[in-house]
Amino acid sequence: MSERGNYEAIRKSILELLDQPEYDDGSVGPVLVRLAWHSAGTYDAETDTGGSNGAGMRYEAEGGDPANAGLQHARVFLEPVKAAHPWVTYSDLWTLAGCVAIEAMGGPKINWLPGRTDFVDDSKLPPRGRLPDGAKGVDHVRNVFTRMGFNDQEIVALSGAHNLGRCHTDRSGFEGKWVHSPTRFSNQYFRLLTRLEWKPKKLNNGVLQFVHVDEDLDEGLMMLPTDMALLSDPGFKEWVLLYADDKAAFYADFANAFAKLMELGIQRDAQGKVVNSDNLKGGYHS
Ligand code: ZEM
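Residues numbered from 1 in each chain as written. Predicted model: local features only at pLDDT ≥ 70, side-chain atom pairs only at ≥ 80, totals over all residues.

### A few points about the overall build of the protein chain
Of regular secondary structure, the protein chain possesses 11 helices and five strands. For 286 residues, the compact-globule estimate of 2.2 N^0.38 gives 19 Å, and the protein chain sits close to it at 18 Å. By principal-axis analysis of the C-alpha atoms, the protein chain measures approximately 60 × 40 × 40 Å. Buried residues in the protein chain amount to 42% of all 286 residues. For the protein chain, restricting intrachain contacts to residue pairs at least 6 apart in sequence, the fraction spanning at least 24 positions comes to 72%. (Helix = DSSP H or I, 4+ residues; strand = E, 2+ residues; numbered from the N terminus. Rg over C-alpha atoms; globule rule 2.2 N^0.38 Å. Buried ≥ 20, exposed ≤ 12 C-beta atoms within 10 Å, placed from the backbone. Contact = placed C-beta atoms within 7 Å.)

And the structure:
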């Protein structure tokens, strides 16, 4: 029997590559989550452009967006999975990898559905600059995520992904991790955001971030200006406070919001079959 359509086999292959002792904090999970998010986060609800369909990051127009710096590492890690299961589309692989990584790192189960296409529909290509800029503030964060179709509660829940991974000076200009255990999904990001004292610090490269200075630690923790923005707006702050206190609420809301993120721009019929992946006019195949 053909393996085509056996997404359990894909999940297994992804799980097997997550632990990489030489890479960052020992797992490629965080950067896979970021790949999934950036593949989908270009979506614009009004024009129905962008989103994970098409896996546009394979091409320079989207892959070369400075916001996507570093994500080539995530794509390279997934190449053996694609090679072992050539029938899976990149757009399904990247989104599924993010979900599998979240679950494997102790996060909630994400409802993920297959069916994305790798056909690139030129009329759906997102311009650069659709992804959020960590140096900005409240209005920017709200505008970018409202454009995708998210409300304040969903924006804050999604931001809890910064419990995972770290910033790399050579990718974004920011440096450091948000929590001490960056390969373990939890609500620690919200707890630290609300309970520690954060001070602005200008890095040698001129980039401004926020740090918690702890003399007992070799390495301090960090927050982006956009993370701090979640505290300075009442509409965001109420959710930050809730998620700091209520891990179960965070897990449930994160799972819903991340599943919704992975579905942006994907239209399905009542049976869950994608209806806008076939017969794309003017598309080309990888
Ligand atoms: Zn992030 N993110 N992000 N994010 N992100 C980084 C890293 C990671 C913003 C942002 O500028 C940055 C969401 C929202 C927002 C992850 C997941 C999700 C980095 C560091 C920056 C600068 C990149 C580097 O240097 O490698 C901004 C401004 C956001 C909204 C306002 C959402 C939503 C996410 C998923 C649901 C993850 C997992 C990482 C860690 C990546 C890694 O390589 O470790």
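### Regarding the sheet that holds strand β4 (residues 208–212)
Read from one edge to the other, the open sheet built from three strands follows the order β3-β4-β5, with strand pairing classed as antiparallel. Each end of this open sheet is capped by a strand with a single partner; those strands are β3 (199–202) and β5 (221–223). The average angle at which neighbouring strand axes cross in this sheet is 45°, direction not considered. Bridging between β3 and β4 involves four bridges; their strand directions are antiparallel. (Pairing = 2+ DSSP bridges. Axes fitted to C-alpha atoms, helices over the stretch in contact; angles between N-to-C directions.)

### Some thoughts on the nonpolar core
In this structure, Leu-32, Ala-36, Leu-93 and Ala-97 are the most contacted members of the largest nonpolar core, which totals 66 residues. Examining the composition of this core, we find that nine residues originate from one element, helix α5 (residues 90–104), more than from any other. Two domains share this core, each providing at least three of its residues, namely domain 1 (7–131 + 257–262) and domain 2 (138–254). (Core = buried A, V, L, I, M, F, W, Y, C linked by C-beta atoms within 7 Å. Domains from an automatic or database assignment.)

### Some points on the environment of Glu-103
Examined against the element boundaries, Glu-103 turns out to sit in helix α5. Under the C-beta neighbour-count criterion, Glu-103 is labelled partly exposed, with 18 such atoms within 10 Å. Each C-alpha atom of the pair Glu-103 and Arg-184 lies 9.8 Å from the other, and the pair is 81 residues apart in sequence. Those residues in contact with Glu-103 that sit more than four places away from it in its chain are Lys-109 and Ile-110.

### Quick word on the site of the ligand
What surrounds the ligand is a group of 25 residues, the closest being Pro-30, Gly-134, Ala-161, Gly-165 and Ser-172. Listing elements by their share of the shell around the ligand, those giving two or more residues are α2 (29–40), α7 (152–159) and β1 (166–167). Ranked by residue count, the leading element in the shell around the ligand is α2, at five residues. Two domains each provide a minimum of three residues to the shell around the ligand, namely domain 1 (7–131 + 257–262) and domain 2 (138–254). (Near = placed C-beta within 6 Å.)

### Here we look at the domain arrangement of the protein chain
Here the protein chain is described as being made up of domain 1 (7–131 + 257–262) and domain 2 (138–254). Among the secondary structure elements, those contributing two or more residues to the side of domain 1 that touches domain 2 are α2 and α11 (247–262). If you tally residues by element for the side of domain 1 that touches domain 2, the top one is α2, at six residues. Of the residues in the side of domain 1 that touches domain 2, the class split is 13 nonpolar, seven polar and four charged. (Nonpolar A, V, L, I, M, F, W, Y, C, P; charged D, E, K, R; others polar.)

### Topic: α7
α7 sits mainly inside the fold: six of its eight residues count as buried. For α7, the set of buried residues is Glu-154, Ile-155, Val-156, Ala-157, Leu-158 and Ser-159.

### Considering unusual backbone geometry
A positive phi angle is found at Asp-48, which is not glycine, with a value near 50°. Within the fold, Asp-48 resides in the loop between α2 and α3 (60–63). Residue Ala-55 is not a glycine yet carries a positive backbone phi of 45°. The class of Ala-55 is buried, set by 24 C-beta atoms lying within 10 Å.

### Some words on the environment of Leu-32
In this fold, Leu-32 is placed in helix α2. On the basis of neighbour count, Leu-32 is assigned to the buried category, with 31 C-beta atoms found within 10 Å. The spacing of Leu-32 and Asp-65 is 33 residues in sequence and 17 Å in space, taken between C-alpha atoms. Look past the residues within four positions of Leu-32 in its chain and what remains in contact with it is Ala-74, Ala-97, Gly-98 and Ala-101.

### Considering the packing of α2 against α5
Contact pair α2 / α5: the axes reach a minimum separation of 8 Å and the direction vectors enclose 135°. Comparing their axes, α5 and α2 come out oblique. Classified by chirality, the crossing of α5 by α2 is left-handed. Of α5, the residues touching α2 (which contributes Gly-29, Leu-32, Val-33, Leu-35, Ala-36, Trp-37, Ser-39 and Ala-40) are Ser-91, Trp-94, Thr-95, Ala-97, Gly-98, Ala-101, Ile-102 and Ala-104. Across the contact of α2 with α5, the residue classes break down as 11 nonpolar, five polar and no charged. (Parallel < 35°, antiparallel > 145°, perpendicular 65-115°, else oblique. Left-handed = near helix turned anticlockwise from the far one by under 90°.)

### Thoughts on helix α8 (residues 188–195)
Along α8, the positions that sit buried rather than exposed are Tyr-189, Phe-190 and Leu-193. End-on view of α8: buried residues confined to an arc of 95°, all on one side of the axis. Summarising the contacts, the buried residues of α8 are in contact with β5, α9 (225–232), α10 (234–245) and α11. (Arc of directions from axis to C-beta.)

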